[in-house]
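Structural overview
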Amino acid sequence: MAEQRGMNRILALALLALTLALAGCGPKVKPGAGPATPGENPAAESAGAGANAAGAAEGANASQDETAGPQGGLLASRVIYFDFDSAVIKGEGVDVAAAHAKYLASHATARVRLEGNTDERGSREYNIGLGDRRAQAVRRALLLQGVNEGQITTVSYGEERPADPGHDESAWAKNRRVEIVYLTPAGQPARP
Amino acid sequence: MQALKFSRKSGRAPVWQALLTLTLAAWLVRPAGASLQIEITSGVNDPIPVAIVPFTPASPADGGLDVAGVVQHDLEGSGRFRALPRERMPARPTRAGDIVSADWKGVGSDYVVVGRVTSENGALAVDFELVNTLTGARLAAQRFTGAASALRNAAHKVSDVIYQKILGVRGAFATRIAYVAVDGTPPSQRYQLIVADADGENAHLILDSRFPIMSPAWSPDGQWLAYVSFESKLAGVYVQLVRTGERRLVSARAGINGAPAWSPDGKKLALTLGGSGGNPDIYVLDLLTQNLTRITDDPAIDTEPEWAPDGRSLYFTSDRAGSPQIYQISASGSGRPRRITFENNYNARPRVSADGRELAMVTLEGNGYRIAVQDLASGAVRVLSHGRLDESPSFAPNGATLLYSQREGAGGSLATVSVDGLTGLRLKAQQGTIRDPAWGPFGT
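Residues numbered from 1 in each chain as written. Chains lettered and ligands numbered in written order. Predicted model: local features only at pLDDT ≥ 70, side-chain atom pairs only at ≥ 80, totals over all residues.

**Comments concerning helix 3 (residues 92–106) of chain A**
Residues lying three or four places apart along an α-helix face the same way, a consequence of the helix completing one turn every 3.6 residues. Residues and elements named next belong to chain A. Compared with an ideal rise of 1.5 Å per residue, which puts 15 residues at 21 Å, helix 3 spans 22 Å between its outermost C-alpha atoms and is within 8% of the ideal. Within helix 3 the residues assigned to the buried category are G93, V96, A97, H100 and L104. The arc that holds every buried residue of helix 3, seen down its axis, measures 95 degrees, which confines them to one face. The inward-facing, buried residues of helix 3 contact strand 1 (79–81), strand 2 (111–117), helix 4 (124–144) and strand 4 (177–183). (Helix = DSSP H or I, 4+ residues; strand = E, 2+ residues; numbered from the N terminus. Expected span 1.5 Å × (residues − 1). Buried ≥ 20, exposed ≤ 12 C-beta atoms within 10 Å, placed from the backbone. Arc of directions from axis to C-beta. Contact = placed C-beta atoms within 7 Å.)

This is the structure we're talking about:
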């Protein structure tokens with residue numbers, strides 16, 4: 001394919017240019033002096049750089065407050081699965097929720113984040129609502145079993161963070177879920 | 001299928017310029033953000049035959065950009081025009097006065113476009129003329145001036161005028177789109193917010209994250225994007241100035257912060273908020289005063305707000321009747337919501353055309369989530385797409401075309417369909433999935 005070859009050539013040139021620039025013998029950047037070719041937008045540079053900086057910082061924040069949490073028995077299970085278009089906790093999920101409720105109720109400083117998820121079908125923001133409904137169902141189950149409100153935060157990722165990237169019922173079944181993520185106990189510093 | 005990859009020859013540009021361009025491109029745009037490939041998937045049966053004669057270049061200031069090639073790409077991509085191949089052109093005029101209509105009628109062209117790029121005082125001017133070969137009439141003669149970096153945009157403006165003069169509707173070629181590119185497999189996915197020209201070229205990176213980015217929305221002046229980012233692992237709504245990258249976190253309340261939509265005056269954002277233990281409802285946030293007004297209060301999921309063009313009401317998705325349907329409510333939150341959709345059991349993600357007459361949405365038809373348009377006056381619904389997982393419809397500012405995302409095999413691409421259902425395009429990334437598109441407003 002001629003197009004494919006063209007792309008490869010462009011990539012090769014880009015790599016060469018990158019190498020030259022990194023080696024310090026690349027051309028001096030003259031904002032606004034160049035032609036109107038794709039990618040050459042001096043204004044975009046600061047946007048890209050700013051965004052990249054934000055992206056780098058976020059990686060550090062993300063895992064800081066997470067902790068392994070309890071591991072014994074059912075507490076090692078951190079996922080509760082749901083039927084299609086349902087936020088009803090069923091089967092083993094009931095026991096998993098009960099085990100975590102018991103642990104949290106007896107460890108007042110322990111904290112969890114409940115992450116609601118859906119399969120990929122339907123509208124994205126509506127799925128955020130459905131994922132939230134699942135997270136809220138687990139939250140209510142925990143509260144009913146004596147967990148303190150301050151121990152729980154919820155988030156819905158909707159269809160945005162599938163556990164299984166497939167596009168069939170077996171993948172969808174794995175994606176309709178709430179994940180229980182343990183956070184650094186209250187009053188303790190986050191991990192460095 | 002016909003691949004319409006615009007040729008980017010840099011033969012006239014000095015080598016260092018090409019290298020500089022590629023260096024910047026490599027820095028700013030990672031592979032997932034590279035220009036999109038466009039394929040025409042459907043067009044009208046009798047496209048209008050036009051000849052777009054190569055414009056007189058202004059070397060080297062024009063950077064070797066083939067302005068007529070960009071115009072041809074735009075017009076053919078609309079599915080409503082067929083361009084005469086250059087090798088069949090009887091002549092290469094650059095002024096209307098030099099066009100011999102009979103010669104062009106002889107090769108079947110109803111219209112001829114000629115033009116010139118000239119360089120003056122560091123700026124570039126594009127002059128073009130449009131001639132009807134059947135009547136000999138000159139339908140347009142216009143000049144666009146600007147910096148060399150705006151030459152591509154000037155070419156799109158030429159396309160906009162030609163489209164309007166021939167079809168009676170303003171073209172939307174000189175506009176931009178935003179979309180989300182996703183690469184990698186769970187749990188190590190990479191999410192990028194990208195802005196590109198409406199033809200998929202000139203793509204650049206707005207935000208890069210290991211956590212989901214979704215629901216980009218353009219401010220009415222085209223300067224800002226609002227979007228949802230989970231970069232803190234919780235939902236946050238941000239607004240970002242596209243030109244500089246400057247951004248602001250405007251909502252990070254407990255639970256859902258989602259579905260931002262700018263009011264037509266650009267002063268407010270409609271949002272979906274959950275609240276601790278609450279359920280999703282629609283709110284309006286005044287961006288200047290930070291004043292928050294609750295619009296809906298219902299135990300159902302209320303989300304995906306969209307302003308009517310007059311700013312006086314909001315459309316939104318709600319499953320208050322059991323399945324998701326679209327409702328309309330006063331933008332002050334007073335009065336009861338009125339249900340708008342009644343066909344099919346699943347209607348979500350409303351978007352309204354700029355003239356306020358048509359509502360685009362995702363509808364479940366048979367076993368497929370598809371893009372449909374409802375005539376708001378008559379209630380008549382037309383399903384325009386045929387996929388299994390089509391979603392996120394967004395109107396072009398001229399209301400003639402919808403941009404949406406579709407699932408294809410393991411990946412996802414963007415597609416367009418005209419509101420009459422006759423023409424369509426597919427925009428594909430070189431790798432990874434692209435989705436959640438938003439078509440920006442007309443430029444000034």
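**Concerning the sheet that holds strand 4 of chain A**
All names here are of chain A. Spatial ordering of the open sheet is given by 1-4-2-3, a layout of four strands whose pairing is mixed. The outermost strands of the open sheet, each flanked by one partner alone, are strand 1 and strand 3 (152–158). Going from strand to strand, the sheet's axes swing by 20 degrees on average, the running direction of each strand aside. Pairing between strand 2 and strand 3: six bridges, direction parallel. By the bridge assignment, V112 is partnered in strand 3 with I152. Each of strand 1, strand 2 and strand 4 is contacted by helix 3, which is oriented at about 145 degrees to strand 1, the strand it contacts most. Taken strand by strand, helix 4 contacts strand 1, strand 2, strand 3 and strand 4, and its axis lies near 150 degrees from that of strand 3. (Pairing = 2+ DSSP bridges. Axes fitted to C-alpha atoms, helices over the stretch in contact; angles between N-to-C directions.)

**Some words on the confidence of the model for chain A**
Residues and elements named next belong to chain A. Per-chain confidence: chain A averages 75 in pLDDT, with 65% of residues scoring 70 or above. The least confident element of chain A, judged by mean pLDDT, is helix 2 (residues 42–64) at 39; the most confident is strand 1 at 98. Residue range residues 1–62 is modelled with pLDDT below 50. Its contacts to residues more than four positions away, or to other chains, number 100 contacts. (pLDDT = per-residue confidence, 0-100.)

**Considering the pairing of strand 20 (residues 325–330) of chain B**
Residues and elements named next belong to chain B. Judged from the six bridges that link them, strand 19 (residues 313–318) and strand 20 form a sheet pairing that is antiparallel. When the bridges of strand 20 are listed, S318 appears paired with Q325. Here strand 19 folds back onto strand 20, and the loop between the two strands holds six residues, one of which, G322, carries a positive phi near 115 degrees. Relative to strand 21 (residues 338–339), strand 20 runs antiparallel, the two sharing two bridges. Paired with Q328 across the bridge in strand 21 is R338.

**Concerning helix 2 (residues 67–77) of chain B**
Residues and elements named next belong to chain B. Burial within helix 2 is extensive, with 10 of its 11 residues counted as buried. Within the sequence span of helix 2, burial applies to V67, A68, V70, V71, Q72, H73, D74, L75, E76 and G77. Within two residues after helix 2, G79 carries a phi angle of roughly 80 degrees, on the positive side.

**Considerations on unusual backbone geometry**
Residues and elements named next belong to chain B. Cis geometry is found at the peptide bond from S59 to P60, where omega equals -5 degrees. Note on placement: P60 falls in the loop between strand 2 (48–52) and helix 2. Even without being glycine, A259 reaches a positive phi, approximately 50 degrees. Relative to the helices and strands, A259 resides in strand 14 (residues 257–262). The buried category is assigned to A259, around which 32 C-beta atoms lie within 10 Å. Its identity as a non-glycine residue notwithstanding, R349 has a phi of 60 degrees, on the positive side.

**Notes on the nonpolar core**
Formed by 111 residues in total, the largest nonpolar core has its most connected members in V138 of chain A together with A178, V180, I194, L225, A226 and L314 of chain B. It is helix 4 of chain A that provides the largest number of residues to this core, a total of eight residues. Those residues in contact with L225 of chain B that lie beyond four places of it in its chain are A178, I206, P216, A217, W218, Q240 and V242 of chain B. Membership of the second largest hydrophobic core comes to 38 residues, among which are V53, V112, L151 and I166 of chain B. (Core = buried A, V, L, I, M, F, W, Y, C linked by C-beta atoms within 7 Å.)

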